[in-house]
Amino acid sequence: PRLWLYDYKNDNESPNIQFHKSKGGSGNHGVVADGTDLGRIAFYASDGNSWEAAAEMRAEIDGTPGDGDVPGRLSFSTTPDGAGATVERMRIDNAGSVGIGTAAPESHGVTNAVHLGTDYELGFGDGANNRPDFGIAANGSGGSARLNIYAGEGSDTIDGYMTTDGVLNIDVVDTSDISLKENIVSLEDGLNPVMALNPVSFDWKNEGKGSNTGFIA
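Residues numbered from 1 in each chain as written. Predicted model: local features only at pLDDT ≥ 70, side-chain atom pairs only at ≥ 80, totals over all residues. Heavy atoms only, no water.

*Asks:* Teacher, can you tell me more about the environment of His20 here?
*Replies:* Take His20: it is sitting in the segment before strand 1 (37-46). Taking relative accessible area as the criterion, His20 reaches 69% and is therefore assigned exposed. (Helix = DSSP H or I, 4+ residues; strand = E, 2+ residues; numbered from the N terminus. Buried < 20%, exposed > 50% of the residue type's maximum accessible area, 1.4 Å probe, protein only.)

The structure is reproduced here in structure tokens:
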């Protein structure tokens, strides 16, 4: 079976499907509440014995409604392999923020933000081994949440990371390949620039990071 909607009227309106929800009884208006289910489109498939849910799109009230004020959200759910019930995967809240893997997307004071939950990855490119060429992943395993950075040919090797306490660790490769350089001039006294460097020891202001040695920019 198929559903076709045709509109031959000479106007700017289009065919549409509307879901209306009221708590006032038949034919009456009654204000809805936060979390009220306004409508859903569900997809079921037979497992050979019964109908099981495979995916679902749902609209709900997202906040406290009032006269002329009905904040809403959309949620998208799919069923994991080996299961028979849907799990929410993505949500668009009333502020326009998108949560993937989280039902409470945080926007840090801005609207239309995208929030990836723990153990989710944002990948770019079609790399080898079903992995992206470049990826940024939030990893919360082991109780130490951090942001991992992957780069290059679908590898699982972590090229850098940043932890929730501000620790930044990035592998930097700086090549000395002569084919990448031009206007090369030998220094008459190459030791002077090296001797001008001022190495220091210091303590980090951030507690828990300890002491270190290096150079001050």
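*Asks:* What is the right way to read the pattern of salt bridges from this model?
*Replies:* Two side chains of opposite charge can pair, provided their charged atoms sit close to one another. As enumerated under the stated definition, the model contains nine salt bridges in all. In this structure, Arg73 engages Glu60 in a salt bridge whose closest nitrogen and oxygen atoms are separated by 3.0 Å. In this pair, Arg73 is assigned in strand 3 (residues 72-78) and Glu60 in strand 2 (residues 51-61), connecting sequence segments 13 residues apart. The salt bridge involving Glu88 is made with Arg91; its shortest N-O contact spans 2.7 Å. With relative accessibility at 29%, the residue Glu88 sits in the partly exposed group. (Salt bridge = Lys/Arg side-chain N within 4 Å of Asp/Glu carboxyl O.)

*Asks:* I would appreciate a short explanation of a nonpolar patch on the surface in the present structure.
*Replies:* Together, Leu3, Leu5, Ile17, Phe19, Ile41, Phe43 and Met57 give the surface a local cluster of nonpolar side chains, amounting to about 720 Å² of exposed area. Looking at where Phe43 falls in the secondary structure, it is placed in strand 1. According to the relative accessible area criterion, Phe43 is partly exposed, its value standing at 42%. (Patch = residues over 30% accessible without salt bridge, like charges linked within 9 Å, V, L, I, M, F, W, Y side chains within 5 Å. Areas by Shrake-Rupley, 256 points an atom, 1.4 Å probe, with all protein chains shown as cover.)

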